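# Reading the structure
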Amino acid sequence: MSKQQVRDKVSTILFAMLSVCLLLLVWQLAVSGTTLGKMFPKPIPVFQKFVESLTVPIGQYTLVQHAVFSLYRVFVGFVSGAVVGVILGIAMGRIPVIDAIVKPIFNLIRPIPGVAWIPMAILWFGIGETTKYFIIFMGGFANVLLNTYAGARDVDKQLIGAAQMLGANRRQIFVHIVLPASVPYIFAGLQVSLSTSWMAVLAAEMVCAQEGVGYLITGGMNSGNTTQILVGMLAIGLIGLILATLMRYAEKRLCSWKIRGN
Amino acid sequence: MGQAQASAQTKITQPEAILNVDHLTKKFGDLLVLNDISFDVKKGEFLCIVGPTGCGKTTFLNSLTRLYKADDGKILFEGEEIDPQKHDLAYIFQEYSTMEWLNVEENIRFGLKVKGYPKELQNERVEKVIKMVGLDAYRKYYPRQLSASMLQRVVIARGFAVEPKLLLMDEPYGQLDLQLKYKLEDELLNLWQETGTTVIFITHNIEEAVYLSDRILVLTNKPTKVKKEMINNLPRPRKISSDDFINLRNEVTELIKWW
């Protein structure tokens, strides 16, 4: 890392810290001795409660256990959505018949947000885990499919031609040209899908769950515990941030040819 | 009269032909692009194809290699229907068709790899051509990090590496600087003489065509036909300032004037 880069990094971190401090300061001032303070806790109790609930259960589970519940649901829904999205997207992008058949149905389903499936899912699957997986799946797979489809469809024809001329067969063209050319698109889809999956799990848990971070905030609402709501929201924000960062890191590793500069 | 002359030229037969193009016709919708083109290419010949801008030179090459499906006609390579999976071909496009996710070395290796050549042979060929195009120091670079002329050198090296029996080039040097163009023209001639490969080279640069070729096919405007065949047996190495060279260049230039 050059000196300039170190300096840039340090200043980014300093500014980030400054902005967080500013937020806390405004929060503290806004709730000190005002009517807002009666329905909104101060920052310090929220952080105390946050740290405390890492070991002391809220409801039946600690904060960490709630987070694990939510993450596991996201994992199942997101991964199944990603698998279906990638396979179907590539099939649609490369095989005109499949495109012609699937696209009209998909275009109809796509604008329906994942959460709109909640009532139907509950009637179909009850209030168990399957319902939550289904909602997350419906919330996430469309983004993966759309991006994969765009990537697979728009592979540079000349590249395919060049490979064909060098003697590549259909399988080799698929493995060595179509797939790698689609990877950046797939990643863009996965990134969006992961964040919509994370939103969908919260919605699902707010409606039908006794555990998970979505349950934490509705539980807080039902008992009038604003601190618990804020603890839940803080956890949601942090986990979302971590997921997005991990995803970006994975993309950087796998698509280094796209990003690596001089 | 001109019409009669042109149709008399439609079949140009060569002894010991490696490639026979027979009544090649290509339409895009109602637009007739290639109008019944027939000619042969001799084994080991260096054929240049010139023609006015937009006369369908690229369509011609794409149909020849079956990247486009021709509407009519037969293309035989060594007596069989041409097939890139069976015959050793290389096609160097006008645009840089590098694979972005492969570095320079991996790009050059691509054709050797899909053909399943043994590792040692792959290495040997890659080393040879990577030095030839002067990209030895850039072998681990990705296309994104290279300039336009370097990208084209990668593509040229990738084509050369498979030591094709038929090398098709579509204005490959059009976007390179002059010095590099001269160097790569000579490299191409060396390679051609060394390997005895057959080359079809499309260009709009008449000087280039006269410098490189054994024979020049002059195409007409759309719908494209072969207007004239010019035998070019100037002694090699050629001097672009010699009288014979200039005469032939002027003669070809006269033929492709459309104004």
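Being a predicted model, the structure only gives us computed values, none of them experimental.

### Section: the sheet that holds strand E2 (residues 31–42) of chain B
Residue and element names in this part refer to chain B. Read across the open sheet, the four strands follow the order E2-E1-E4-E5; overall the sheet is antiparallel. For this open sheet the edge positions go to E2 and strand E5 (80–81), each flanked by a neighbour on one side alone. Looking at chain direction, strand E4 (residues 72–77) and E5 are connected through two bridges and run antiparallel. Among the inter-strand pairings, Leu76 is bridged to a residue of E5, identified as Glu81.

### Overview of the interface of chain A and chain B
Each side of the interface is counted separately: chain A has 22 residues, and chain B has 24 residues. Counting the contacts that link chain A with chain B gives zero salt bridges. Counting the contacts that link chain A with chain B gives three residue pairs in polar contact (both at pLDDT 80 or more). Of all the secondary-structure elements, those providing two or more residues to the side of chain A that touches chain B are helix H8 (157–165), helix H9 (170–207) and helix H12 (256–259) of chain A.

### Thoughts on unusual backbone geometry
Residues and elements named next belong to chain B. For the peptide bond that leads from Arg236 to Pro237, omega is -5 degrees, which places it in the cis range. Position of Pro237 among the secondary structure elements: in the loop between strand E10 (226–231) and helix H8 (243–256). In this structure, His23 takes a positive phi of about 55 degrees despite not being glycine. Its place among the elements puts His23 in strand E1 (residues 17–28). In this structure His23 comes out as partly exposed when scored by relative accessible area, which is 41%. The backbone of Glu78 sits at a positive phi, close to 50 degrees, despite the residue not being glycine. By secondary structure assignment, the location of Glu78 is in the loop between E4 and E5.

### Remarks on the UniProt feature "domain: ABC transporter" (unreviewed entry) in chain B
Under the UniProt annotation, the feature "domain: ABC transporter" (unreviewed entry) is placed at residues 19–246 of chain B. As annotated, residues 19–246 of chain B has a helix share of 33% and a strand share of 26%, and its two end C-alpha atoms lie 30 Å apart.

### Examining H8(A)
Of all the positions in H8(A), only A:Leu159, A:Ile160, A:Gly161, A:Ala162, A:Ala163 and A:Met165 are classed as buried. Against helix H4 (63–94) and H9 of chain A together with strand E6 (89–92), helix H3 (104–114) and helix H5 (148–161) of chain B lie the buried residues of H8(A). The N-capping residue of H8(A), defined by a side-chain oxygen 3.0 Å from the backbone nitrogen of A:Gln158, is A:Asp156. Within two residues after H8(A), A:Gly167 carries a phi angle of roughly 100 degrees, on the positive side.

### A look at the UniProt feature "transmembrane region" (unreviewed entry) in chain A
All names here are of chain A. UniProt's feature table lists "transmembrane region" (unreviewed entry) at residues 12–30, 71–93, 105–127, 133–152, 173–192 and 229–250, given in the numbering used throughout. In residues 71–93, helix accounts for 100% and strand for 0%; the two terminal C-alpha atoms are 31 Å from one another. Segment residues 229–250 splits into 100% helix and 0% strand. End C-alpha atoms: 32 Å apart.

### Regarding the domain arrangement of chain B
Residue and element names in this part refer to chain B. As far as domains go, chain B holds domain 1 (5–88 + 165–257) and domain 2 (98–163). Averaged C-alpha coordinates put domain 1 and domain 2 at centres separated by 25 Å. Taken residue by residue, the interface counts 16 residues in domain 1 and 11 residues in domain 2. Overall, the association of domain 1 and domain 2 removes approximately 1100 Å² of surface from exposure, summing both partners, and the carbon and sulfur fraction of that is 66%. In terms of surface lost to domain 2, no three residues of domain 1 exceed Asp88, Leu184 and Leu191, which account for 34% of the buried area on that side. The interface formed by domain 1 and domain 2 contains two salt bridges. A salt bridge links Asp88 to Lys115, with the shortest nitrogen-to-oxygen separation between them at 3.0 Å.

### Focus on the nonpolar core
Generally speaking, soluble globular proteins have nonpolar side chains that are buried together. Core analysis: the largest hydrophobic core is formed by 67 residues, its most contacted members being A:Ile177, B:Phe46, B:Ile108, B:Phe160, B:Met169, B:Phe201 and B:Ile216. Considering every element that reaches this core, the biggest residue donor is H5(B), with eight residues. Counting residues domain by domain, this core receives three or more from each of domain 1 (5–88 + 165–257) and domain 2 (98–163) of chain B. Apart from the residues within four sequence positions on either side, B:Phe201 is in contact with B:Phe46, B:Leu47, B:Cys48, B:Ile49, B:Met169, B:Pro172, B:Tyr173, B:Leu188, B:Glu208 and B:Leu212.

### Examining the UniProt feature "domain: ABC transmembrane type-1" (unreviewed entry) in chain A
UniProt's entry tags residues 67–247 of chain A with the feature "domain: ABC transmembrane type-1" (unreviewed entry), counted in the numbering of this structure. What you have in residues 67–247 of chain A is 85% helix and 0% strand, and the ends, taken at the C-alpha atoms, are 18 Å apart.

Rules and cut-offs
- Residues numbered from 1 in each chain as written.
- Chains lettered and ligands numbered in written order.
- Predicted model: local features only at pLDDT ≥ 70, side-chain atom pairs only at ≥ 80, totals over all residues.
- Heavy atoms only, no water.
- Pairing = 2+ DSSP bridges.
- Helix = DSSP H or I, 4+ residues; strand = E, 2+ residues; numbered from the N terminus.
- Contact = heavy atoms within 4.5 Å.
- Salt bridge = Lys/Arg side-chain N within 4 Å of Asp/Glu carboxyl O.
- Polar contact = N/O pair within 3.5 Å; in protein donor to acceptor, adjacent residues only side chain to side chain.
- Buried < 20%, exposed > 50% of the residue type's maximum accessible area, 1.4 Å probe, protein only.
- UniProt positions renumbered as here; feature names shortened; annotations may be inferred.
- Domains from an automatic or database assignment.
- Buried area = accessible area lost by both parts, 1.4 Å probe.
- Core = buried A, V, L, I, M, F, W, Y, C linked by side-chain atoms within 4.5 Å.

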